[in-house]
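# Summary of the model geometry
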Amino acid sequence: MTQAFLTHISATLRALDAEGLMKHERAIQGPQAARVLVGGRQMLNLCSNNYLGLADDPRLIAAAKAAMDSHGYGMASVRFICGTQDLHQMLERRLAAFLGTDDALLFAACFDANGAVFEPLLGEEDAVISDSLNHASIIDGIRLCKARRFRFANTDMDDLHRQLQSARDGGARFILVVSDGVFSMDGSFANLADLTRLAADFGALTMVDDCHATGFIGPQGRGTAARAGVKVDLMTGTFGKALGGALGGYVAGPQAVIDLLRQRARPYLFSNALPPAVVGAALAALEVVEGADDLRAQLASNAAYWRAGLQGLGFDLLPGSHPIVPVMIGDAPLAQTFAKALDARGVMVSAFFFPVVPRGQARIRTQMTAALTREDLDFGLAAFAAAGRETGVLA
Ligand SMILES: *Cc1c(COP(=O)(O)O)cnc(C)c1O
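Here goes a summary of the coordinates provided.

This brings us to the overall build of the chain. When its secondary structure is counted, the chain shows 15 helices and 15 strands. In terms of overall size, the chain behaves like a compact globule, its C-alpha atoms giving a radius of gyration of 22 Å where 395 residues would be expected to give roughly 21 Å. Referenced to the eigenvectors of the C-alpha coordinate spread, the extents of the chain come out at roughly 60 × 55 × 55 Å. With 395 residues in all, the chain has 51% of them scored as buried. The contacts of the chain with a sequence gap of at least 6 include a subset with a gap of at least 24, amounting to 69%. Total accessible area on the chain stands at roughly 17500 Å², and carbon and sulfur atoms take up 55% of it. Put simply, the chain has 35 plus and 40 minus side-chain charges, and the middle of one group is 3 Å from the middle of the other.

For sheets, the rule is that strands pair by backbone hydrogen bonds, running either parallel or antiparallel. Taken in spatial order, the three strands line up as 12-15-14 in an open sheet, and their pairing is antiparallel. Edge strands, defined here as strands with exactly one partner in the open sheet, are strand 12 (324-330) and strand 14 (350-352). Geometrically, the sheet is characterised by an average inter-axis angle of 30 degrees between neighbouring strands, direction not taken into account. Strand direction decides the pairing type here: strand 12 and strand 15 (residues 362-367), joined by six bridges, are antiparallel. Residue pairing across strands places Pro326 opposite Arg365, the latter belonging to strand 15. In this fold helix 13 (residues 293-313) packs onto strand 12 and strand 15, with an angle of close to 20 degrees to the strand it touches most, strand 12.

At a minimum axis separation of 10 Å, helix 13 and helix 15 (residues 374-391) run at an interaxial angle of 25 degrees. Between helix 13 and helix 15, the crossing angle belongs to the class labelled roughly parallel. Considering only the axes of helix 13 and helix 15, their crossing is right-handed. Across the interface between the two elements, Ser301, Asn302, Tyr305, Trp306, Gly309, Leu310 and Leu313 of helix 13 pack against Arg374, Leu377, Asp378, Gly380, Leu381, Phe384 and Ala385 of helix 15. Among the residues making up the contact of helix 13 with helix 15, the classes are represented as eight nonpolar, four polar and two charged.

Procedures and definitions
- Residues numbered from 1 in each chain as written.
- Predicted model: local features only at pLDDT ≥ 70, side-chain atom pairs only at ≥ 80, totals over all residues.
- Heavy atoms only, no water.
- Helix = DSSP H or I, 4+ residues; strand = E, 2+ residues; numbered from the N terminus.
- Rg over C-alpha atoms; globule rule 2.2 N^0.38 Å.
- Buried < 20%, exposed > 50% of the residue type's maximum accessible area, 1.4 Å probe, protein only.
- Contact = heavy atoms within 4.5 Å.
- Areas by Shrake-Rupley, 256 points an atom, 1.4 Å probe, with all protein chains shown as cover.
- Lys, Arg positive; Asp, Glu negative; His and termini not counted.
- Charge placed at Lys NZ, Arg CZ, Asp CG, Glu CD.
- Pairing = 2+ DSSP bridges.
- Axes fitted to C-alpha atoms, helices over the stretch in contact; angles between N-to-C directions.
- Parallel < 35°, antiparallel > 145°, perpendicular 65-115°, else oblique.
- Left-handed = near helix turned anticlockwise from the far one by under 90°.
- Nonpolar A, V, L, I, M, F, W, Y, C, P; charged D, E, K, R; others polar.

Now the structure itself:
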């Protein structure tokens with residue numbers, strides 16, 4: 001590698017650091033959980049997607065071990081050559097039954113599922129209309145397809161109507177409206193009742209990415225469409241959040257669509273099959289989740305308690321009910337100072353700032369899980385109060 005190139009890369013890194021935009025990893029010693037060990041210190045974890053607390057659940061760990069014993073460690077193949085086991089097919093059927101779709105197709109991650117789904121289904125005669133706050137993987141997936149691209153302002157149904165009209169006026173053959181079910185930076189929900197009604201008015205298809213919903217939102221955790229009492233045409237999701245938190249993604253939908261994705265989706269065709277341990281534990285996760293009304297109730301009660309507690313202390317929150325509770329700080333360096341002050345008090349959070357969220361809207365995104373106890377939350381609230389006063393976030 002030439003010195004000139006390395007100098008150029010180092011300059012980019014220094015610029016990131018100078019702007020206060022550098023991300024640093026913390027190494028957790030031990031399993032993901034409500035309380036984790038970091039550098040020998042016990043920390044209260046308020047920033048994982050471990051919504052139902054299943055990341056260290058003994059039932060999932062036992063299922064992973066059993067699947068490894070019965071089906072081995074790795075597949076050493078893509079699905080269609082010799083990488084499909086009975087376990088993969090069971091999981092696809094189980095997932096489709098859980099989500100109420102004809103079929104489902106597994107991917108290595110939801111990032112891959114979103115990267116895979118658009119290109120085989122839409123051509124240049126078609127249009128895709130995407131919410132402005134959709135996940136990066138949806139944006140990338142749309143870039144990979146030839147359909148005309150339209151964007152509507154976050155959950156703005158008047159704007160969606162305008163974009164549907166322009167797509168139709170532009171002569172689009174098929175129109176697909178795509179939205180996150182939950183917007184992860186804000187903890188807000190897509191307006192799926194109106195979105196599906198508008199799409200139907202225009203004969204458009206609908207797709208929802210339910211990564212921050214599957215397992216804990218809606219009846220039996222079936223997601224945001226179930227919560228809104230509507231049907232969407234395609235769903236994508238992950239096993240990397242509430243469903244055990246390991247990895248793996250999927251597309252679920254009508255049989256013909258899944259059949260075509262099996263033939264044409266590039267991340268499916270050209271990337272390895274999920275390992276048996278992950279598939280076995282994912283099957284166990286679905287089993288647990290279907291009967292986990294107690295965990296969902298605990299999660300909802302934690303989220304309500306946490307929100308009310310922060311509000312009572314005088315923090316500026318985005319309104320909502322999702323277990324994602326963003327504490328608005330505004331200034332990016334102040335958000336980082338505040339996160340550090342919380343860290344010093346044994347509370348692990350993450351500050352989000354430009355370009356992940358708009359400039360001037362830096363925030364601490366806190367996330368509730370069912371594994372947090374009342375005692376944990378009171379400890380967290382005391383730390384927020386003290387750190388808030390120390391940094392001037394609280395008057
Ligand atoms: C986390 C997330 C993804 C990516 O999921 P992985 O399985 O981790 O790749 C995609 N979309 C949304 C909305 C997400 O929150």
